[in-house]
Amino acid sequence: MSKASTAERQKNLSGYADHFKILQEVSNLVAAEAPPENIIRTVLDHLTGTLGYQAAQVYRLSPSGRDLWLYLESGTGTKPVTSGLDIFSIGEDNIVSQASRDKKPVYVPDITHGPFSYFPPQDAEVAVASEIAIPLQCASQSLGVLRVQSHQVNGFSQETIDFLTSLAGLMSGAIRSAQTIRQLRDNLEEIRILYNLRREKDQPRPVHQAQPAE
């Protein structure tokens, strides 16, 4: 085996080890019911710090379901021109909206070619060369999109795409669980208010007897 092949194999093994550690850490956070914001921040920091990607962003689906809002980001990325600074409509022709609509990963191995091609600004610290967008979803419910950008062409192997998809699944579960808990709390509060109103209504009112005249 050549030195180049050995070095490549060691690099791959190191990458797999990093992936495993990150998945384990995020899984523990989800199991501990950490706030979704903390979980997402941990993921983004690992993507740009531990794994060295240029940028990572999470977009959340708006309450109306028509837009994707930038929720958290890490690193220095390049954003294509859109109708809003940090907001994409579901109907827009870009990688983030496409991933949300199709509910499957969209990978652009070279951003200068393909349906979502665009040229990075000349003043970018490191030009983005490839990017991937992976939908955040629980069952059939769309929640948002994870977008990761690399300064290398063909910067995402199939193993990396599988890893990012697993991370997206963990984040989706955390977001959905938090939404469910919040909805249950809101429902309980509504029931408590209705119960108190009913209780007040059913309580007999005090009868005021007229005082006898002296």
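Residues numbered from 1 in each chain as written. Predicted model: local features only at pLDDT ≥ 70, side-chain atom pairs only at ≥ 80, totals over all residues. Heavy atoms only, no water.

As for the overall build of the chain
Across its full length, the chain holds 4 helices and 6 strands. Secondary structure elements of the chain, listed N to C terminal, follow the sequence α-α-β-β-β-α-β-β-β-α. Across the 214 residues of the chain, 34% fall into the buried class. Within the chain, residue pairs in contact and separated by at least 24 positions form 56% of the contacts whose partners lie at least 6 positions apart. Accessible surface computed for the chain: about 13,200 Å², of which carbon and sulfur atoms make up 53%. (Helix = DSSP H or I, 4+ residues; strand = E, 2+ residues; numbered from the N terminus. Buried < 20%, exposed > 50% of the residue type's maximum accessible area, 1.4 Å probe, protein only. Contact = heavy atoms within 4.5 Å. Areas by Shrake-Rupley, 256 points an atom, 1.4 Å probe, with all protein chains shown as cover.)

Describing unusual backbone geometry
Positive phi outside glycine occurs at glutamate 33, with the angle close to 60°. Topologically, glutamate 33 is positioned in the loop between α1 (3-31) and α2 (36-50). Owing to a relative accessible area of 64%, glutamate 33 belongs among the exposed residues under this scheme. Of note in the backbone geometry, asparagine 154 takes a positive phi value of approximately 55° without being a glycine. Relative to the elements of secondary structure, asparagine 154 occurs in the loop between β6 (141-150) and α4 (158-202). Given the relative accessible area of 55%, asparagine 154 is considered exposed.

Considerations on the nonpolar core
Counting 27 residues, the largest nonpolar core has Leu47 and Leu164 as the members making the most contacts within it. Of all the secondary-structure elements, those providing two or more residues to this core are α1, α2, β1 (55-61), β5 (130-138), β6 and α4. At 8 residues, the largest contribution of residues to this core is made by α4. Dropping the residues within four chain positions of it, leucine 47 is found in contact with Gly52, Tyr53, Ala56, Leu146, Val148, Phe163, Leu164 and Leu167. Listed in part, the 14 residues of the second largest apolar core include Ile95, Ala99, Ile111 and Phe116. (Core = buried A, V, L, I, M, F, W, Y, C linked by side-chain atoms within 4.5 Å.)

Observations concerning the pairing of β5
Counting buried residues along β5, 7 of its 9 residues qualify, which places the element largely inside the surrounding structure. The pairing of strand β4 (residues 106-108) with β5 spans 3 bridges and is antiparallel. Looking across to β5, one finds that valine 108 is bridged to glutamate 131. Inspection of the sheet shows β5 paired to β6 by 9 bridges, in the antiparallel sense. Residue pairing across strands places proline 135 opposite valine 145, the latter belonging to β6. Counted between consecutive antiparallel strands, the loop separating β5 from β6 contains 2 residues, among which alanine 139 sits at a positive phi close to 60°. (Pairing = 2+ DSSP bridges.)

Focus on a nonpolar patch on the surface
A cluster of nonpolar side chains, namely Ile193, Leu194 and Leu197, defines an oily patch on the protein surface of about 280 Å² accessible area. Relative to the helices and strands, leucine 197 is located in helix α4. (Patch = residues over 30% accessible without salt bridge, like charges linked within 9 Å, V, L, I, M, F, W, Y side chains within 5 Å. Salt bridge = Lys/Arg side-chain N within 4 Å of Asp/Glu carboxyl O.)

Some points on the pairing of strand β2 (residues 67-75)
For β1 and β2, the ladder comprises 7 bridges, and the chain directions are antiparallel. Looking at β2, one finds that alanine 55 is bridged to glycine 75. The antiparallel hairpin formed by β1 and β2 contains 5 residues in its connecting segment, where glycine 65 sits at a positive phi of about 80°. As judged from the 3 bridges shared by β2 and strand β3 (residues 87-89), these two strands associate in the antiparallel manner. By the bridge assignment, leucine 68 is partnered in β3 with phenylalanine 88.

Re the side chain of serine 62
Within the secondary structure layout, serine 62 lies in the loop between β1 and β2. Polar contacts involving the side chain of serine 62 include one to the side chain of serine 64, which spans 3.0 Å. Leave out the neighbours within four places in its chain, and serine 62 touches Asp67 and Trp69. (Polar contact = N/O pair within 3.5 Å; in protein donor to acceptor, adjacent residues only side chain to side chain.)

Here's the deal with the pattern of salt bridges
Taken as a whole, this structure holds 2 salt bridges when the rule is applied. Residue arginine 41 pairs with aspartate 45 through a salt bridge whose shortest N-O separation is 3.8 Å. Pair noted here: arginine 41 and aspartate 45 are both in helix α2, with a separation of 4 residues, about one helical turn. Classification of arginine 41 as partly exposed rests on a relative accessible area of 29%. For the salt bridge of arginine 147 with glutamate 131, the shortest nitrogen-to-oxygen distance reads 2.9 Å. Placement of arginine 147 in strand β6 and of glutamate 131 in strand β5 is noted, with a sequence separation of 16 residues between them. Residue class for glutamate 131 comes out buried when judged on its relative accessible area of 1%.

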